[in-house]
Amino acid sequence: MLNWSRVAELKEDLGEEDFREITTLFLEEVEEKLAELTCDPPDVFADDLHFLKGSAANLGFEGFRAMCEQMENTPDTAQLSDLRGLYALSKTTFLEGLGP
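Anyway, here's the lowdown on the structure attached to this text. (Residues numbered from 1 in each chain as written. Predicted model: local features only at pLDDT ≥ 70, side-chain atom pairs only at ≥ 80, totals over all residues. Heavy atoms only, no water.)

### Observations concerning the packing of aromatic side chains
Across all of its chains, the model carries six aromatic pairs by this definition. Between F61 and F94, the aromatic rings sit 5.1 Å apart at their centres with planes inclined by 50°, giving tilted as the arrangement. In this pair, F61 sits in the loop between α3 (42-59) and α4 (62-73) while F94 sits in helix α5 (residues 80-98), placing the two residues 33 residues apart along the sequence. Pair check on accessibility: F61 and F94 agree, each one buried. (Phe/Tyr/Trp six-rings, centres within 6.5 Å; stacked < 30°, edge-to-face > 60°. Helix = DSSP H or I, 4+ residues; strand = E, 2+ residues; numbered from the N terminus. Buried < 20%, exposed > 50% of the residue type's maximum accessible area, 1.4 Å probe, protein only.)

Here it is, written out as structure tokens:
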């Protein structure tokens, strides 16, 4: 679900303070985009999924990234509730894994 190697690499490259800032920004932007996400019109939906996919890949949310990619490639099978649920689970796992 999460690529912890990517998380550790990012944390090392950025330092603790910048990593926390990037993480906060990522979570805010993804949650905002997910709240706005609809399947109509399809071209906007694909653009939004592409944005989410790239953001997820950068922070190591591998399962979420893969689902965004699948939905981007086959929008007729899109299940926004599944995507939102996977994000929520990924976020919880991520935050718990970071510790205090």
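After that view, the rundown keeps rolling.
### Examining α5
The first and last C-alpha atoms of α5 sit 27 Å apart over 19 residues, in line with the 27 Å expected at 1.5 Å per residue. Once α5 finishes, G99 follows within two positions and takes phi at roughly 75°, a positive value. (Expected span 1.5 Å × (residues − 1).)

### Here we look at the packing of helix α1 (residues 4-14) against α5
As a packed pair, α1 and α5 sit with axes 12 Å apart at the nearest point and diverge in direction by 55°. Between α1 and α5, the crossing angle belongs to the class labelled oblique. Handedness of the α1/α5 crossing: right-handed. For the pair α1 and α5, contact is made by W4, V7 and K11 and by T93, F94, G97 and L98, respectively. For the contact of α1 with α5, a count of residues per class yields four nonpolar, two polar and one charged. (Axes fitted to C-alpha atoms, helices over the stretch in contact; angles between N-to-C directions. Parallel < 35°, antiparallel > 145°, perpendicular 65-115°, else oblique. Left-handed = near helix turned anticlockwise from the far one by under 90°. Contact = heavy atoms within 4.5 Å. Nonpolar A, V, L, I, M, F, W, Y, C, P; charged D, E, K, R; others polar.)

### Digging into the nonpolar core
Formed by 23 residues in total, the largest nonpolar core has its most connected members in L34, L37, F61, F64, L83 and F94. Contributions of two or more residues to this core are made by α1, α2 (16-36), α3, α4 and α5. If sequence neighbours within four positions are ignored, F64 has contacts with V30, L34, L52, A56, L83, L86, Y87 and S90. (Core = buried A, V, L, I, M, F, W, Y, C linked by side-chain atoms within 4.5 Å.)

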